[in-house]
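The residues making up each chain are set out below.
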Amino acid sequence: MSPSGLLRIALIGSLTVAAGICPAPAAGPDRTSLERGRHIVKVGGCNDCNTPGYAMKGGQVPEELWLTGDALGWRGPWGTTYPTNLRIHLAGMTEDAWVERAATLTTRPPMPWFDVQDMSERDLRSL
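Before going into details, it helps to say that this report is about the structure given with it. (Residues numbered from 1 in each chain as written. Predicted model: local features only at pLDDT ≥ 70, side-chain atom pairs only at ≥ 80, totals over all residues. Heavy atoms only, no water.)

With that settled, the discussion passes to the nonpolar core. By size, the foremost hydrophobic cluster in this structure holds 17 residues, and its most contacted members are Val 41, Leu 67, Trp 98, Val 116, Leu 124 and Leu 127. Broken down by secondary-structure element, the contributors of at least two residues to this core are helix H2 (31-43) and helix H5 (95-102). Among the elements that make up this core, the one with the highest residue count is H5 (three residues). (Core = buried A, V, L, I, M, F, W, Y, C linked by side-chain atoms within 4.5 Å. Buried < 20%, exposed > 50% of the residue type's maximum accessible area, 1.4 Å probe, protein only. Helix = DSSP H or I, 4+ residues; strand = E, 2+ residues; numbered from the N terminus.)

What follows is the structure in structure tokens.
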């Protein structure tokens, strides 16, 4: 599967460490939706925490590494959280289940779950 296909699968779930994945349709992913999802991941800051070295390398990380998690921990009054490998975490969820989950998603910092809850259904499905 191409990196673009893997990205689509990984992102169909929650950008929030609790999403779901749906295999690409047999005909291949809708190009417009795929590009929209890629854009949301970049401007939404998903890679900043969930892609190793992304921020330190100014975003110059191969797409095949996007959303594979990171060892960088975030520490606060809640304890320490580590960015999840969203590709693995979301693999067991359908696209519809992801959209439903995103509406009520809450997680620990630094995940901006409140931003995910505000996304349109179109944006969530593009992820």
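Next comes the rest of the account.
So, on to H2. With 13 residues, H2 ought to run about 18 Å at 1.5 Å a step, and its terminal C-alpha atoms sit 18 Å apart, in line with that. Put simply, Asp 30 is the residue that caps the front of H2, since its side-chain oxygen is 2.8 Å from the backbone nitrogen of Thr 32. Just past H2, the residue Gly 45 takes up positive phi, approximately 80 degrees. (Expected span 1.5 Å × (residues − 1). Polar contact = N/O pair within 3.5 Å; in protein donor to acceptor, adjacent residues only side chain to side chain.)

To continue, consider H5. Turning to H5, its buried residues number three or more, namely Glu 95, Trp 98, Val 99 and Ala 102. Projected onto a plane normal to the axis of H5, the buried residues spread over an arc of 100 degrees and lie on a single side. When the buried face of H5 is taken as reference, the exposed residues oriented beyond 90 degrees from it are Asp 96 and Glu 100. (Arc of directions from axis to C-beta.)

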